[in-house]
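Listed below, chain by chain, are the residues.
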Amino acid sequence: MQLVTVDIGGTHARFALATVAGDGSIALGEPATLHTRDHASFQTAWEDFARMQGGSLPDAVAIAVAGPVGGEVIRFTNNPWIIRPALIPEKLGASRYTVVNDFGAVGHAVARAGDEHFVHLTGPDESLPASGTLSIVGPGTGLGVAHVWRDGQGAYRVQPTEGGHIDFAPLDSIEDAILARLRQRYRRVSVERVVSGPGLVDIYEALAGMEGRAIQPSDDKTLWQLGLSGEDSLAAAAVDRFCLSLGAVAGDIALAQGASGVVIAGGLGLRIRDTLLRSGFAERFRAKGRFSELMGALPVKLITHPQPGLYGAAAAFAAEHLS
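Residues numbered from 1 in each chain as written. Predicted model: local features only at pLDDT ≥ 70, side-chain atom pairs only at ≥ 80, totals over all residues. Heavy atoms only, no water.

With respect to the sheet that holds strand β14 (residues 300–303)
Strand order across the open sheet formed by 6 strands is β9-β14-β13-β10-β11-β12, with mixed pairing between neighbours. Each edge of the open sheet is held by one strand with a lone partner, namely β9 (118–122) and β12 (156–161). Within this sheet the neighbouring strands show an average axis-to-axis angle of 25°, counted without direction. As judged from the 4 bridges shared by strand β10 (residues 131–139) and strand β13 (residues 261–264), these two strands associate in the parallel manner. Across the sheet, the residue bridging to L134 is G261, located in β13. (Pairing = 2+ DSSP bridges. Helix = DSSP H or I, 4+ residues; strand = E, 2+ residues; numbered from the N terminus. Axes fitted to C-alpha atoms, helices over the stretch in contact; angles between N-to-C directions.)

Written out as structure tokens, the structure reads:
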């Protein structure tokens, strides 16, 4: 059967047609990426995609959303759209639908993707274990966290979480300075304030403050470009600090979830793949005191599937409606 699969984040809404074959395999059509800021609502973005497809769409849809799901009204963490699931058949013309948290969708992708869609970051260079818990951490506009439990026989369960909103825990004086800066603005500082795309701005400005530098305000997109290219040494230091914090957070999540393997996901994770490999990410991931040896035994991978949210949302639909 054919369905529309959608992955809605804070910045982009990605749409694609998906085909689920009789054996359960999923094939994605060419994705279309729309900017959330350019559309007043999800419905107008849906209508835009329908026009791209010649005016008609299948009557089934899988939607991955960046925020909690399950209520009568779904509100996004980092964009102003809302979705009322009960109105999906009326508004979108879809008689069957699945709405899943975006990192729940990534969890489905992690559970089903082959080894070719992962690259090794640290720990044993082996496949992700077929049984036990896989922790998934993904920086982007926010910080997504989920986990997948696999039974070793091919069955799995996905649990999305709001783990990106746990408290940020500094590990050295530089991170103390970053926390102090953020605390001037927020009563409570979550890890998402640091380990996300926009968090690079505060890291950069905190480092500048430590050195007494006068800097011009910059957006996170510019700072990522300057830092990854090495054109700006302070931005490069901010990127390295981001990688350290991501390693520490991924390790904390793995400990909390009892993981037997860890996957870094999210568009930003894929973008900084080479930088992660050269950074202190792995050292910080393992730096858990008495549990350092345990952490060093966990395989940590980066998922490289080009559209894990779209693929995973379609897989969630198949699990709900076609299994």
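Considering the pairing of strand β4 (residues 32–35)
Along β4, the buried face is formed by A32 and L34; none of T33 and H35, which line the opposite face, is buried. Pairing geometry for strand β2 (residues 12–20) and β4, over 4 bridges, is antiparallel. Bridging across to β4, A13 finds its partner in L34. (Buried < 20%, exposed > 50% of the residue type's maximum accessible area, 1.4 Å probe, protein only.)

Comments concerning the side chain of T5
With respect to the element layout, T5 can be found in strand β1 (residues 2–8). Within the structure, the side chain of T5 is placed 2.8 Å from the backbone oxygen of L310, a separation counted as a polar contact. Aside from chain neighbours lying at most four places away, what touches T5 is R14, F15, A16, A18, L28, A62, L310, A313 and A314. (Polar contact = N/O pair within 3.5 Å; in protein donor to acceptor, adjacent residues only side chain to side chain. Contact = heavy atoms within 4.5 Å.)

Notes on the packing of helix α4 (residues 173–183) against helix α5 (residues 199–211)
Put simply, α4 and α5 touch, their axes get as near as 9 Å, and they point 110° apart. One finds that α4 runs roughly perpendicular with respect to α5. α4 and α5 meet at a crossing whose hand is right-handed. Residues I174, A177, I178, R181 and L182 of α4 lie in contact with α5, whose contacting residues are D202, I203, E205, A206, L207 and M210. (Parallel < 35°, antiparallel > 145°, perpendicular 65-115°, else oblique. Left-handed = near helix turned anticlockwise from the far one by under 90°.)

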